[in-house]
Amino acid sequence: MSKKQYFGFILGLCVSFLSYSTQPAQAVELDEDIRTVPLDSKGKKTVLSNEQVKRGKRLFNSTCAVCHTGGITKTNPNVGLDPESLSLATPARDNIEALVSYIKSPTTYDGLESIAEIHPSIQSADIFPKMRTLTDEDLFAISGHILLQPKVVSEKWGGGKIYY
């Protein structure tokens, strides 16, 4: 390969890279079936908007992921945010209303004692500053994110060390 051919190849490679890298990134839009999550314990469902999905992910990552990366619970690996763990809690936390209630006033897995002093919550926003500015819409979006993740990343969500 001559110097001229080599230079032409490199120039072509740079131009193609620059044209590719300046294209706007396209986020994957989730279809309505995937965005449909349980709303309440009576079986009613809701479809999260694309904005709620994005907002829930952003808020979860900035507020909850320190302890719940990938749907696990770092302080108690026996209890995660996977669908089975959420459904076996007392009361069940496998729908948006139940998760919002939990985020406002958390209790032990058996539901008998408050853990607001050790788990970030709206009730304990005075000692957990990240909770101070969260609105009910934010809690709804975070809860939706938690319930959506098993559909997006399947068994990885709450799967523990083997995935993260």
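Residues numbered from 1 in each chain as written. Predicted model: local features only at pLDDT ≥ 70, side-chain atom pairs only at ≥ 80, totals over all residues. Heavy atoms only, no water.

1. Describing the environment of F60
Under the convention used in this document: Working definition: helices are DSSP H or I runs of at least four residues, strands are E runs of at least two. Numbering for both runs from the N terminus. Note on definitions: a residue-residue contact is assigned when non-hydrogen atoms from the two residues lie within 4.5 Å.
With respect to the secondary-structure elements, F60 resides in helix α2 (residues 50-63). For F60 and I146, which are 86 residues apart along the polypeptide, the C-alpha to C-alpha distance reads 8.2 Å. Setting aside anything within four residues of it in sequence, one finds F60 in contact with A65, H68, L81, I142, H145, I146 and W157.

2. Digging into the environment of G144
For clarity, the threshold we go by: In this scheme, a residue with accessible area under 20% of its type's maximum is buried, one over 50% is exposed, and one in between is partly exposed, where area comes from a 1.4 Å probe on protein chains only.
With respect to the helices, strands and loops of the structure, G144 is situated in helix α6 (residues 136-153). The buried category is assigned to G144, whose relative accessible area is 0%. Ignoring sequence-local partners within four residues, the contact set of G144 consists of V37, L48 and I96.

3. Looking at the pattern of salt bridges
Which entries qualify depends on this criterion: The term salt bridge refers to a pairing of a side-chain nitrogen on Lys or Arg with a carboxyl oxygen on Asp or Glu at a separation within 4 Å.
With the rule as written, the count across this model stands at 2 salt bridges. With a shortest N-O distance of 2.4 Å, R55 and D138 are connected by a salt bridge. On the criterion of sequence distance, the pair formed by R55 in helix α2 and D138 in helix α6 is long-range, its members being 83 residues apart. The exposure class of R55 is partly exposed, given its relative accessible area of 28%. As a salt-bridge pair, K104 and D136 come within 3.1 Å of each other at their nearest N and O atoms. Taken together, the residues K104 in helix α5 (residues 96-104) and D136 in helix α6 connect sequence positions 32 residues apart.

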